[in-house]
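# Geometric and topological summary
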Amino acid sequence: MADGTHWPGTWLNPSTDHSRGDHAGIIQVMLKPPSDEPLHGTAEDGLIDLTDVDIRLPLLVYVSREKRPGYDHNKKAGAMNALVRASAIMSNGPFILNLDCDHYIYNSQAMREGMCFMMDRGGDRLCYVQFPQRFEGIDPSDRYANHNTVFFDVNMRALDGLMGPVYVGTGCLFRRIALYGFDPPRSKEHHAGCCSCCFGRSRKHSSMAHTPEENRALRMGDSDDEEMNLSLLPKRFGNSTFLIDSIPVAEFQGRPLADHPAVKNGRPPCALTIPRELLDASTVAEAISVISCWYEDKTEWGQRVGWIYGSVTEDVVTGYRMHNRGWKSVYCVTKRDAFRGTAPINLTDRLHQVLRWATGSVEIFFSRNNALLASPRMKLLQRIAYLNVGIYPFTSIFLIVYCFLPALSLFSGQFIVQTLNVTFLTYLLIITVTLCLLAVLEIKWSGIELEEWWRNEQFWLIGGTSAHLAAVLQGLLKVIAGIEISFTLTSKSAGDDLDDEFADLYIVRWTSLMIPPITIMMVNLIAIAVGFSRTVYSVIPQWSRLLGGVFFSFWVLAHLYPFAKGLMGRRGRTPTIVFVWSGLIAITISLLWVAINPPSGTNQIGGSFQFP
């Protein structure tokens, strides 16, 4: 530990200066660095014959950054930056794989496929290789579109044709030098190498680049730039000389092999066969220092270097900054899933997950990371893609109007449009056919199933009328008034069958996010009843207007069906609070409608209705 004592263990039994939120930095080497020479196994080593199999395992280190009360630890972004610094000192691999704690490697060849992109010709301009997220433990019908197949199999594939897909927070292979905030190679015509990152020879890792050719390869800029960069690096990366010395080595090792005249900025063959230095006490002590609370003070970590702070969706912002500097990314879809993880499958957790994403998008829209302020290095279509990331929660306003229009039509007795002429029907037919063709194109091109596409459409409306609307409200209150609000959970209702694999699907916890969709359902149901009764008891029934309004109301209710089914829980065990809110909303709507549009043919006399 940072104080030189042995790690006492977990925080199950907290003590002074050693609890979950108050402890020194911890580093434990679980597996030492492998030997330089291959180590072959034998038939007696295990359950299988390991003869002629290299059984060396890579360096494995447990890292827990220092945490103290009063310090802002920046959550996941801060943890990732601490890991980047510690790994730079202890192993300094030129590529970094980022996985969430609930994801695991499902395809042992996935890393090789990602490295093929990184080490290919022109691969030194790739900042990361993003793999699709695949989930398990989701109910077969995927009620709440947890698989996100339209996003991962349509949107991300389409972005692969631009500057590359956005970074989604997990399942991503990074180029270390891109995380350090440097520009890509050949970003300027007068620079032949990796711009300011190639400033000299490493002292601690000088054995990795010891030949004159390799040293010249590390010195791409002129002498003035070299001196300027050396003077600014401590202010940018901190005062760790070990960390600063590791930067040019990581850049050099990450270059593609110069085995073809078309390869620019390549490294010579056999340049990575130099034995690695063993870990010593000074290296571990330096790694401990860079994961301390104070190390990032007065540096650019979290501002320009590493994962970016200040946003709930630090992943999207981090990827945006890289693309904004001119880097490209690649979407790698393997035949066998590269990584798999778990996803929240009950309604409440899913809504709060979508709320977190939407809140981050609203923050991006009102920040300097808005795609409207992107640099000229970002292509126009890529700007539009990132702009969509920031503005999609605002579509909730139009979705709310879309969901209430059919009910308004039924309440008022007027159709959505006054007259149904040929021109209007022609436009409506063209728009409808175009949307259907686009949907078919997406399904055929990406290979997703029609049911998956429909689930995505359903949950887009559910999330748009609940979580997206709440995110817009949160963002506007925070930007305009500086007020921060949160949507908390209250009651919980779960099934008794603990042996059910999908028991979590039926858990119902009340959240205020459910109020708008419940209101929409109640309004449309009451409107259908009002419209039907008016048509039946009218002198001249207008069945065409009724059928038009009822059709669109049922279309809205069809999208909200998974939401209604989620509220019912297992065997209809819906929490009482849901019935309370539904009843209050229904009574309020009925009273408002009677007050606004009282029954025709009545006169109000002395507080009572008198019929002629």
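- Looking up the protein chain in an unreviewed UniProt entry gives the name Cellulose synthase-like protein D3, with the organism given as Gossypium armourianum.
- Per UniProt, the protein chain has the following entry under Sequence similarities (unreviewed entry): "Belongs to the glycosyltransferase 2 family. Plant cellulose synthase-like D subfamily."

### Here we look at the environment of Tyr295
- Counting through the fold element by element, Tyr295 comes out in the loop between helix 8 (281-289) and helix 9 (314-324).
- Distance in space between the C-alpha atoms of Tyr295 and Ser240 is 9.1 Å, their sequence separation being 55 residues.
- In this structure Tyr295 touches Arg85, Phe237, Gly238, Asn239, Ser240, Leu243, Ser289, Val290 and Trp301, once residues within four positions along its chain are discounted.

### Quick word on the UniProt feature "transmembrane region" (unreviewed entry) in the protein chain
- In the numbering used here, UniProt assigns the feature "transmembrane region" (unreviewed entry) to residues 385-408, 420-441, 518-540, 546-564 and 576-596.
- A helix fraction of 87% and a strand fraction of 0% characterise residues 518-540, whose end C-alpha atoms lie 33 Å from each other.
- Between the end C-alpha atoms of residues 546-564 the distance is 24 Å, and the span holds 95% helix and 0% strand.

### Let's talk about a nonpolar patch on the surface
- Together, Ile431, Leu435, Leu438, Leu441 and Trp445 line one region of the surface with nonpolar side chains, adding up to about 550 Å² of accessible area.
- Within the secondary structure layout, Trp445 lies in helix 13 (residues 422-446).

### Brief notes about the packing of helix 16 (residues 515-537) against helix 18 (residues 561-568)
- Two elements in contact, helix 16 and helix 18, have axes separated by 11 Å at closest approach and are oriented at 110°. As far as their axial angle goes, helix 18 and helix 16 are roughly perpendicular. On helix 18, the residues that touch Pro517, Ile518 and Met521 of helix 16 are Phe563, Ala564 and Leu567.
- Residue composition of the contact of helix 16 with helix 18, grouped by class: six nonpolar, no polar and no charged.

### Regarding the pattern of salt bridges
- Within this structure, the stated rule accounts for 15 salt bridges.
- Note that Asp22 is salt-bridged to Arg68, the shortest N-O span being 2.7 Å. Here Asp22 is found in strand 2 (residues 22-23), whereas its partner Arg68 is found in the loop between strand 4 (60-64) and helix 1 (75-90), with 46 residues between them in sequence.
- With a shortest N-O distance of 3.2 Å, Asp183 and Arg377 are connected by a salt bridge. Of this pair, Asp183 sits in the loop between helix 4 (176-179) and helix 5 (212-218) while Arg377 is found in the loop between helix 10 (347-365) and helix 11 (380-391), placing the two residues 194 residues apart along the sequence.
- Through salt bridges that share partners, Arg134, Glu136, Asp153, Asp337 and Arg340 make up one connected network.

### A few points about the sheet that holds strand 9 (residues 172-175)
- Pairing within the open sheet is mixed, and its four strands lie in the order 5-9-7-10. Each edge of the sheet is formed by a strand with only one pairing partner; in this case those strands are strand 5 (95-98) and strand 10 (328-331). Across this sheet, the average inter-strand angle for adjacent strands is 20°, counted without regard to direction.
- Pairing geometry for strand 5 and strand 9, over four bridges, is antiparallel. Among the inter-strand pairings, Ile96 is bridged to a residue of strand 9, identified as Phe174.
- Packed on one face of the sheet, helix 2 (residues 110-119) meets strand 5, strand 7 (126-130), strand 9 and strand 10 and runs near 155° to strand 7.
- Relative to the sheet, helix 9 contacts strand 7, strand 9 and strand 10, its axis offset from that of strand 7 by approximately 140°.

### Examining the packing of aromatic side chains
- As enumerated under the stated definition, the model contains 21 aromatic pairs in all.
- With a centroid separation of 6.0 Å and 55° between ring planes, the pair formed by Tyr128 and Tyr167 is classed as tilted. Linking Tyr128 in strand 7 with Tyr167 in the loop between helix 3 (149-159) and strand 9, this pair joins segments that are 39 residues apart in sequence.
- Judged by relative accessible area, Tyr128 falls into the buried class, the value being 0%.
- When the centroid spacing of 5.3 Å and the interplanar angle of 65° are considered together, the rings of Phe174 and Trp307 count as edge-to-face. Linking Phe174 in strand 9 with Trp307 in the loop between helix 8 and helix 9, this pair joins segments that are 133 residues apart in sequence. The same class applies to Phe174 and to Trp307, which are both buried.
- Through a chain of ring-to-ring contacts, the aromatic side chains of Tyr128, Tyr167, Phe174 and Trp307 assemble into a single cluster.

### Things to note about the sheet that holds strand 6 (residues 103-105)
- Strand order in the open sheet formed by three strands is 6-11-8, and the pairing between neighbours is mixed. If you trace the sheet from one side to the other, it starts and ends with strand 6 and strand 8 (134-135), each paired once.
- As paired elements, strand 6 and strand 11 (residues 339-341) share three bridges and run antiparallel to each other. The residue bridging His103 from the neighbouring strand is Gly341, located in strand 11.

### Quick word on the side chain of Thr149
- In this fold, Thr149 is placed in helix 3.
- Aside from chain neighbours lying at most four places away, what touches Thr149 is Val154, Ile448 and Glu452.

### Quick word on the confidence of the model for the protein chain
- Summary statistics for the protein chain give a mean pLDDT of 81 and a share of 83% for residues scoring 70 or more.
- A low-confidence stretch, residues 189-228 stays under pLDDT 50, and its non-local contacts, those more than four residues away or across chains, total 87 contacts.
- Predicted confidence is poor over residues 602-612, with pLDDT under 50, and the contacts of this stretch with residues over four places away or in other chains come to seven contacts.

### Here we look at the nonpolar core
- With 105 residues, the main nonpolar core has Phe174, Tyr180, Phe237, Ile518 and Phe563 as its most contacted residues.
- Element by element, the count of residues in this core is highest for helix 16, at nine residues.
- Residues lining this core come from more than one domain, with at least three contributed by each of domain 1 (71-186 + 233-343) and domain 2 (394-471 + 504-596).
- Ignoring sequence-local partners within four residues, the contact set of Tyr180 consists of Val84, Ala88, Arg236, Phe237, Leu243, Ile247, Trp301 and Val305.
- Counting residues in each nonpolar core, the second largest holds 11 residues, with Ala110, Met118, Leu126 and Val129 among its members.

Cut-offs and rules
Residues numbered from 1 in each chain as written. Predicted model: local features only at pLDDT ≥ 70, side-chain atom pairs only at ≥ 80, totals over all residues. Heavy atoms only, no water. UniProt positions renumbered as here; feature names shortened; annotations may be inferred. Helix = DSSP H or I, 4+ residues; strand = E, 2+ residues; numbered from the N terminus. Contact = heavy atoms within 4.5 Å. Patch = residues over 30% accessible without salt bridge, like charges linked within 9 Å, V, L, I, M, F, W, Y side chains within 5 Å. Areas by Shrake-Rupley, 256 points an atom, 1.4 Å probe, with all protein chains shown as cover. Salt bridge = Lys/Arg side-chain N within 4 Å of Asp/Glu carboxyl O. Axes fitted to C-alpha atoms, helices over the stretch in contact; angles between N-to-C directions. Parallel < 35°, antiparallel > 145°, perpendicular 65-115°, else oblique. Nonpolar A, V, L, I, M, F, W, Y, C, P; charged D, E, K, R; others polar. Pairing = 2+ DSSP bridges. Phe/Tyr/Trp six-rings, centres within 6.5 Å; stacked < 30°, edge-to-face > 60°. Buried < 20%, exposed > 50% of the residue type's maximum accessible area, 1.4 Å probe, protein only. pLDDT = per-residue confidence, 0-100. Core = buried A, V, L, I, M, F, W, Y, C linked by side-chain atoms within 4.5 Å. Domains from an automatic or database assignment.

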